[in-house]
Amino acid sequence: MSNMSTSLWSHIRTVQDFPKPGICFFDLTPLFMNNIGALTDALIASIPAEKLEEVDSFIAVEARGFVLASLLAQRTGKGLLLVRKAGKLPPPVVGVGYSLEYGLDRLEMSAEVQSKKVIIVDDVLATGGTLKAVRELAAKCNHEVLGASIFLDLPDLHNDLGLDIWTVLDDKSKPEVEAA
């Protein structure tokens, strides 16, 4: 495991049984507090250089994806498109319903943005429901999805999702914590 991986993991808090029993939540708040440079460097390094040159905009998935995509957009000088939960963006919007590991939801994005080459950005990839929904939204808006930048992948929870996925960490790279 790389020193970068170990360093990033040391700033992620694991919360068992949140937001419901059986779910392991990875709290990135401590990482956001003091490690923005290292986090941005890791995100940039995970995406192939040719894709970073080709992309027009990053699609930010509510809510922690907003933080990550903003870092990428700022560092690269590219655009930022928001995907939000239903009713949060002004009309006209395009929407899609989807399931996630602990329920059902609906995502929307502006229907008025000119077609772009995009990279979807989100914090954690679990079952892939959110990523599939965002890809469907992007297709409905005629955006060309180049791939997805995911901070933390949980590969045992999803199958091949049919697009390039670039990750910084996966749960297999998490250092073992010694029991007290």
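Chains are numbered independently. Their residues run from 1 in the order of the written sequence. Local features in a predicted model are, by the rule used here, given only for residues with pLDDT of at least 70; side-chain atom pairs are given and counted only at 80 or more, and totals for whole chains, interfaces and linings are based on all residues. With hydrogens and water stripped out, all remaining heavy atoms of the structure feed into the side-chain values.

## A look at the pairing of strand β3 (residues 57-61)
Next, step 1: The buried fraction of β3 is high, at 5 of 5 residues.
Next, step 2: With burial as the criterion, each face of β3 is covered, one bearing Ser57, Ile59 and Val61 and the other bearing Phe58 and Ala60.
Next, step 3: Being paired, for any two strands, means DSSP has found at least two bridges between them. The helix and strand labels rest on DSSP assignments: H or I over at least four residues marks a helix, E over at least two residues marks a strand, and numbering proceeds from the N terminus. Summarising the sheet, β3 and strand β4 (residues 79-85) pair through 5 bridges and their orientation is parallel. Bridged to Ile59 within β4 is Leu81.
Next, step 4: The β-α-β motif built from β3, the intervening helix α5 (residues 64-76) and the parallel element β4 has right-handed crossover chirality. Burial classes: relative accessible area under 20% of the type maximum marks a residue as buried, over 50% as exposed, and values in between as partly exposed (1.4 Å probe, protein chains only). When the strands point away from the viewer, a crossover counts as right-handed if the route from the first strand across the helix to the second turns clockwise.

## A closer look at the packing of helix α3 (residues 36-46) against α5
Next, step 1: Interaxial angles span 0 to 180 degrees and are taken between N-to-C directions of axes, which are lines fitted to C-alpha atoms, for helices over the stretch in contact. Two elements in contact, α3 and α5, have axes separated by 10 Å at closest approach and are oriented at 80°. It follows from the interaxial angle that α3 and α5 lie roughly perpendicular. Contacts between α3 and α5 involve Ile36, Gly37, Leu39, Thr40, Asp41, Leu43 and Ile44 on the former and, on the latter, Leu68, Leu71, Leu72, Arg75 and Thr76.
Next, step 2: Broken down by class, the residue content of the contact of α3 with α5 amounts to 7 nonpolar, 3 polar and 2 charged. Comment on the angle field: the value is read as roughly parallel under 35 degrees, roughly antiparallel over 145, roughly perpendicular from 65 to 115, and oblique elsewhere. Contacts: residue pairs with any heavy atoms within 4.5 Å of one another. Residue polarity follows a fixed list, in which Ala, Val, Leu, Ile, Met, Phe, Trp, Tyr, Cys and Pro are nonpolar, Asp, Glu, Lys and Arg are charged, and the others, Gly among them, are polar.

## A short note on the pattern of salt bridges
Opposite charge on two side chains permits pairing when their charged atoms draw close.
Next, step 1: We define a salt bridge as a contact between a side-chain nitrogen of Lys or Arg and a carboxyl oxygen of Asp or Glu at a distance within 4 Å. Taken as a whole, this structure holds 9 salt bridges when the rule is applied.
Next, step 2: The partner of Asp105 in a salt bridge is Lys85, with the nearest N and O atoms 3.9 Å apart. One end of the pair, Asp105, is in strand β6 (residues 103-110); the other, Lys85, is in strand β4, with 20 residues separating them in the sequence.
Next, step 3: For Asp105, a relative accessible area of 28% translates into the label partly exposed.
Next, step 4: Taking the relative accessible area as the measure of exposure, Lys85 reaches 37% and is therefore partly exposed.
Next, step 5: Each of Asp156, Asp171 and Lys172 takes part in a single network of salt bridges with overlapping partners.

## Quick word on α3
Next, step 1: Taken together, the buried positions of α3 are occupied by Leu39, Thr40, Ala42, Leu43 and Ser46. On an axial view of α3, the arc spanned by its buried residues comes to 160°, and they lie on one face.
Next, step 2: In this fold, the buried residues of α3 make contact with α1 (3-9), α2 (29-34), α5, β8 (144-153) and β9 (165-170). The arc under discussion is defined with respect to the helix axis, by the directions toward the C-beta atoms.

## Overview of helix α6 (residues 129-140)
Next, step 1: By this rule the span expected of a helix is its residue count minus one, scaled by 1.5 Å. In a regular helix each residue adds 1.5 Å, so 12 residues correspond to 16 Å; α6 covers 17 Å between its end C-alpha atoms and thus fits that length.
Next, step 2: Of the residues making up α6, those classed as buried are Gly129, Thr130, Leu131, Ala133, Val134, Leu137 and Ala138.

## Section: the side chain of Ser149
Next, step 1: Among the secondary structure elements, Ser149 is positioned in strand β8.
Next, step 2: Beyond its immediate chain neighbours, meaning those up to four positions away, Ser149 contacts Leu43, Ser46, Ile47, Leu72, Ile119, Ile120, Val121, Asp122 and Trp166.

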